[in-house]
Amino acid sequence: MASSIKTVVLFLLPLLLAYSVLAAPDITDGGDKPGPQVDDGGGDKPVPGNNDGASDYAKPAFEPEFMGAWVIDNPNAGVAAMQLQLMPNDQIVWFDTTSLGASGYKLPEGTPCPNNPDANNQPDCYVHGIAYDWKTSKYRPLTLQGDAWCSSGNLWPNGNLMATGGTFSGDKAIRVIANDDPNGDFTTKIGALADTRWYSSNQVLPDGSSVVLGGRDSYSYEIVPPQMEFKPRRFDLPFMQQTTEPPLGPGRPVENNLYPFLFLLPDGNIFLFANNRAITFEPATGKTVKEFPVLPGGSRNYPPSGSAALFPLKLTADNAPVIPEIVICGGNKPNAYELVDARHVTEKQFLPALQDCNRIQPMAADAAWIPEQNMPSPRTMGDLIHLANGDMLMLNGAKKGTSGWEDATEANLTPVLYTPYKPMGQRFKELSPTTIARMYHSCSALLPDTRVLVAGSNMHQFYTFDTEFPTELRVEKFSPPYLDPALEPERTQIDPANTDVVLKYGKPFKITAALMEKQPLVLGEVKVTLLYPPFTTHGFSQNQRMIVPAITSVENGVITAIAPPSGEIAPPGYYIMFLSHLGIPGAGIWVHID
């Protein structure tokens, strides 16, 4: 891009000028109008944007005609995926609840059935969590102690999964499963957290510890280090009480701000969105740094359950300031839950979900919500996940209603490809629909082979199969458009044996790779992406983060790139590294950043 532009034609196609480096005080938002000046902490000097999707390649990327394809990966995995985490050992851990009766996976005959403290200490002969090998489609049982119903989680820097909170005996529990043991099980510590965490969210911090925030009747957050033994550090957070819709009576909660959206910003502060409002705060103190305008239109968190994601963070070789941008889509009206849930009404009214999306640059001096192109259809409870090439995918959810037992209808079966930096009107593309409703308590995850695994869906208090939207135990995999068979020769192959798999902050690293068609790789035609695998539940992928490091050279099949500069940009831990050629990615490999 040009380094100095004196004037900007306001309606020039955003594909050509999104986030241009301007001498004037505006930076475009990727849409049809200029965005706000960015405050770099050093006065009024505007900071160049570096999220320009048009600058990924030196020539146009491929536009696949393929609309995607669905396959059944496993006809019955036994446990519905309420919470899900891809681990660096290529197992996917998912689990639901121990207090709501039988799952679809019974322990083998003769296996001792442990007593369940959340079911009157009666023997429980059913499995409530599994480790699923995405390569073989085989799975093994996991043991849950302390009910993990509607819990949260994140990976530690060593790749271990920490699941936090839940309800009943598990409301202050942490559960850890080791990454280095392919046959490992959860180790659980009951009562480890400072506050009860039911419907809370986690965000990994630059040092590898994590913020665990919110939850029903918990107007606070705490910092949990990456270890089993710790002293809880709790901080009051009045903002969570201020954004809570009051209950309509005993046992009749509304809230609208559960599973809040959390994102670590490049300055080390946390962006927090709850209900229809947002702030940034210092995690070390709880001090509010900035308040943002109300996002109009409705409520975006549980139970209206919209989706949110941080756009990929594009880096430069000279570490120019990064301009983060967040998008929030869907949800429902503030009263949607009370009109549909059985605790509030006898005749359900399924309000149409919201269809809008809105974007914000939270580190901008005058940050404001900017309307994005509307989604092709309304969506609540949908997932919004990164794809291997930096595009995004919307899938799962419903067109009417909210989260909750039997509180939604009209499953949204059609995934949508989202490319935020195309011209307005061209950013959403509907893809091949599934035939399986994935509504309340469903999850998805991008796999290292660039496909997307989809599991779960249980609209009911108990496992129920004789109904319009049955409890779903089938597992699917979706092939996005970039897996077009006609483009197979354009796919990259990384040579793990000759590629750096330990990346040090700010240091160069090398990737040895080739194209399937054996043509040489060319600088300007390849792109590296690093995905921090999220913990996904209830339509929000906690800790989801994609980094686009700068490439400095491509010579004889060896790519040199610069690792992220710090934990504020890329928290320490395991990432999936993908290499795309003009928008077509090959299979990724696991790398570690520290």
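Just so it is clear, the model here is predicted, and its values are computed rather than measured.

### Quick look at the environment of Val 294
Now for step 1: Considering the arrangement of structural elements, one finds Val 294 in the loop between β21 (288-291) and β22 (307-310).
Now for step 2: Sequence-wise, Val 294 and Pro 489 are 195 residues apart; in three dimensions their C-alpha atoms are separated by 48 Å.
Now for step 3: Ignoring any residue separated from it by four or fewer positions in sequence, one finds Val 294 in contact with Asn 276, Arg 277 and Trp 369.

### Notes on unusual backbone geometry
Now for step 1: Cis geometry marks the peptide bond from Tyr 302 to Pro 303, where omega comes out at 10°.
Now for step 2: Mapping Pro 303 onto the fold places it in the loop between β21 and β22.
Now for step 3: One non-glycine residue, Asn 256, lies in positive phi territory at about 70°.
Now for step 4: Unusually for a residue other than glycine, Glu 410 sits at a positive phi of about 55°.
Now for step 5: What makes Glu 410 partly exposed here is its relative accessible area of 38%.

### Digging into the confidence of the model for the protein chain
Now for step 1: With 91% of its residues at a pLDDT of at least 70, the protein chain reaches an overall mean of 91.
Now for step 2: Ranking the elements of the protein chain by mean pLDDT puts strand β1 (residues 27-28) last, at 32, and strand β19 (residues 270-274) first, at 99.

### Topic: the pairing of β21
Now for step 1: Pairing of strand β20 (residues 277-281) with β21 involves three bridges; the strand directions are antiparallel. Within β21, the position partnered with Ile 279 by the bridge is Glu 291.
Now for step 2: Counted along the chain from β20 to the antiparallel partner β21, the turn is six residues long, and its residue Gly 286 has a positive phi close to 85°.

### Structural notes on the side chain of Asp 90
Now for step 1: Mapping Asp 90 onto the fold places it in the loop between β4 (83-86) and β5 (91-95).
Now for step 2: With relative accessibility at 13%, the residue Asp 90 sits in the buried group.
Now for step 3: Not counting the four nearest positions on each side in its chain, Asp 90 is found in contact with Tyr 132, Asp 133, Trp 134, Lys 135, Pro 448 and Trp 590.

### A word on the state of the cysteines
Now for step 1: Here the structure, examined in full by the defined rule, presents two disulfides.
Now for step 2: The residue that forms a disulfide with Cys 113 is Cys 125, at a sulfur-sulfur distance of 2.0 Å. Torsion about the S-S bond of the Cys 113 and Cys 125 cystine: about 110°, corresponding to right-handed handedness. Of this pair, Cys 113 sits in the loop between β5 and β6 (115-116) while Cys 125 sits in the loop between β7 (122-123) and β8 (129-133), and the two are 12 residues apart along the sequence.
Now for step 3: Cys 329 shares a disulfide with Cys 357; S-S distance 2.1 Å. Its S-S torsion of about 115° marks the bond between Cys 329 and Cys 357 as right-handed, since a negative value means left-handed. Of the two residues, Cys 329 is situated in strand β24 (residues 326-329) and Cys 357 in strand β25 (residues 357-360); the sequence distance between them amounts to 28 residues.

Each value, and the rule that gives it
- Residues numbered from 1 in each chain as written.
- Predicted model: local features only at pLDDT ≥ 70, side-chain atom pairs only at ≥ 80, totals over all residues.
- Heavy atoms only, no water.
- Helix = DSSP H or I, 4+ residues; strand = E, 2+ residues; numbered from the N terminus.
- Contact = heavy atoms within 4.5 Å.
- Buried < 20%, exposed > 50% of the residue type's maximum accessible area, 1.4 Å probe, protein only.
- pLDDT = per-residue confidence, 0-100.
- Pairing = 2+ DSSP bridges.
- Disulfide = S-S within 2.5 Å.

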